[in-house]
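# Descriptive analysis of the structure
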Amino acid sequence: MIKRYFMLATIAAALAGCGSNVKLDPPVQGSASGTTGAAGTSGADAGAVGQGAGGQSSVAAVQAGPSGGDKAGPAGVARIIYFDYDSFVVRSDFQPVVDQHARFLQSDRNRSVVLEGNTDERGSREYNLALGQKRAEAVRRALTLVGASDAQIEAVSFGEEKPAANGGGEDAYAKNRRVELRYR
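Everything numeric here is computed off the predicted structure, so don't read it as measured data.

### Describing the pairing of strand 4 (residues 178-183)
Most of strand 4 sits inside the fold, with five of its six residues counted as buried. Across three bridges, the pairing between strand 1 (residues 80-82) and strand 4 is antiparallel. Bridge pairing links Ile 81 to Val 179 in strand 4. Pairing of strand 2 (residues 113-118) with strand 4 involves six bridges; the strand directions are antiparallel. In the sheet register, Leu 115 faces strand 4, and the bridge partner there is Leu 181.

### Let's talk about the packing of helix 2 (residues 95-107) against helix 3 (residues 125-146)
Two elements in contact, helix 2 and helix 3, have axes separated by 8 Å at closest approach and are oriented at 60 degrees. Viewed along their axes, helix 2 and helix 3 adopt a mutual orientation that is oblique. In this structure, helix 2 meets helix 3 at a crossing whose hand is right-handed. Facing Gln 95, Val 98, Asp 99, His 101, Ala 102, Leu 105 and Gln 106 of helix 2, the residues of helix 3 in contact are Ala 142, Leu 143 and Val 146. Broken down by class, the residue content of the contact of helix 2 with helix 3 amounts to six nonpolar, three polar and one charged.

### A short note on the sheet that holds strand 3 (residues 153-159)
A sheet is described by the order of its strands in space; here four strands give the open sequence 1-4-2-3, paired in mixed fashion. The open sheet has two edge strands with one neighbour each: strand 1 and strand 3. When the angles between neighbouring strand axes are averaged without regard to direction, this sheet yields 20 degrees. Running over the sheet, helix 2 touches strand 1, strand 2, strand 3 and strand 4 and is turned about 20 degrees from strand 4. Sheet contacts for helix 3: strand 1, strand 2, strand 3 and strand 4; angle to strand 3, the most-contacted strand, approximately 155 degrees.

### Thoughts on helix 3
Under the 1.5 Å per step criterion, the end-to-end length of helix 3 is 32 Å for 22 residues, consistent within 8% with the ideal 32 Å. Within two residues after helix 3, Gly 147 carries a phi angle of roughly 140 degrees, on the positive side.

### Here we look at the nonpolar core
Counting 22 residues, the largest nonpolar core has Ile 81, Val 90, Leu 115, Val 139 and Leu 143 as the members making the most contacts within it. Looking at this core, the elements with two or more residues in it are helix 2, strand 2, helix 3, strand 3 and strand 4. Leaving out residues up to four positions away in the same chain, Val 90 has contacts with Ile 81, Phe 83, Val 98, Ala 138 and Val 139.

### Overview of the packing of aromatic side chains
Considering all chains together, one arrives at two aromatic pairs under this definition. The interplanar angle of 85 degrees and the centroid separation of 5.2 Å between the aromatic rings of Phe 104 and Tyr 183 together place this pair among those described as edge-to-face. Of the two residues, Phe 104 is situated in helix 2 and Tyr 183 in strand 4; the sequence distance between them amounts to 79 residues. Between Lys 134 and the ring centre of Phe 88, over which it is positioned, the NZ or CZ distance is 5.5 Å.

### Things to note about the side chain of Ser 157
Looking at where Ser 157 falls in the secondary structure, it is placed in strand 3. At 2.7 Å, the side chain of Ser 157 and the backbone oxygen of Leu 129 are in polar contact. For Ser 157, the side chain forms a polar contact with the main-chain nitrogen of Gln 133, separated by 3.3 Å. Apart from residues no more than four positions distant in its own chain, Ser 157 is found in contact with Gly 117, Asn 128, Leu 129, Gly 132 and Gln 133.

About the cut-offs
- Residues numbered from 1 in each chain as written.
- Predicted model: local features only at pLDDT ≥ 70, side-chain atom pairs only at ≥ 80, totals over all residues.
- Heavy atoms only, no water.
- Buried < 20%, exposed > 50% of the residue type's maximum accessible area, 1.4 Å probe, protein only.
- Helix = DSSP H or I, 4+ residues; strand = E, 2+ residues; numbered from the N terminus.
- Pairing = 2+ DSSP bridges.
- Axes fitted to C-alpha atoms, helices over the stretch in contact; angles between N-to-C directions.
- Parallel < 35°, antiparallel > 145°, perpendicular 65-115°, else oblique.
- Left-handed = near helix turned anticlockwise from the far one by under 90°.
- Contact = heavy atoms within 4.5 Å.
- Nonpolar A, V, L, I, M, F, W, Y, C, P; charged D, E, K, R; others polar.
- Expected span 1.5 Å × (residues − 1).
- Core = buried A, V, L, I, M, F, W, Y, C linked by side-chain atoms within 4.5 Å.
- Phe/Tyr/Trp six-rings, centres within 6.5 Å; stacked < 30°, edge-to-face > 60°.
- Lys NZ or Arg CZ within 6 Å of the ring centre and 35° of its normal.
- Polar contact = N/O pair within 3.5 Å; in protein donor to acceptor, adjacent residues only side chain to side chain.

If you want it as structure tokens, here you go:
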């Protein structure tokens, strides 16, 4: 009898530890500019991420090392877009950065960019890979809405594997919740 209660408690604790308040499913499609919710975040359509034929996940191999072939993007424009905790919504304070990169890509259709989605270390590896991909895809959508071609953009996720800052504090976590733009 005690074994049964112990086993039920263990299963309940494991399931509770795997839970999250954030759904990785795309939000309901809204207008192109999105809607503002109680937290002040945009509710623009997130779209499906990494879905191949028949709803199967499609994964492409990428090199995790430093990008030696990284070419210059627009001069004087940040190449990192930061995100709130457990969010893949592009913050309004980064919209000017997105606009400038989109115009840069639009001015030269032979230029391409890789969007590298990253997360902090909290959450499982699988969850963080999915969240990093959603962040990269959100930036991709934002760039294409302004005028960049979808063919110029590749979105990948490194999850928690390439931290920008080490440590367990909020400052380090905030620096790791990002999408980096790397031009080719």
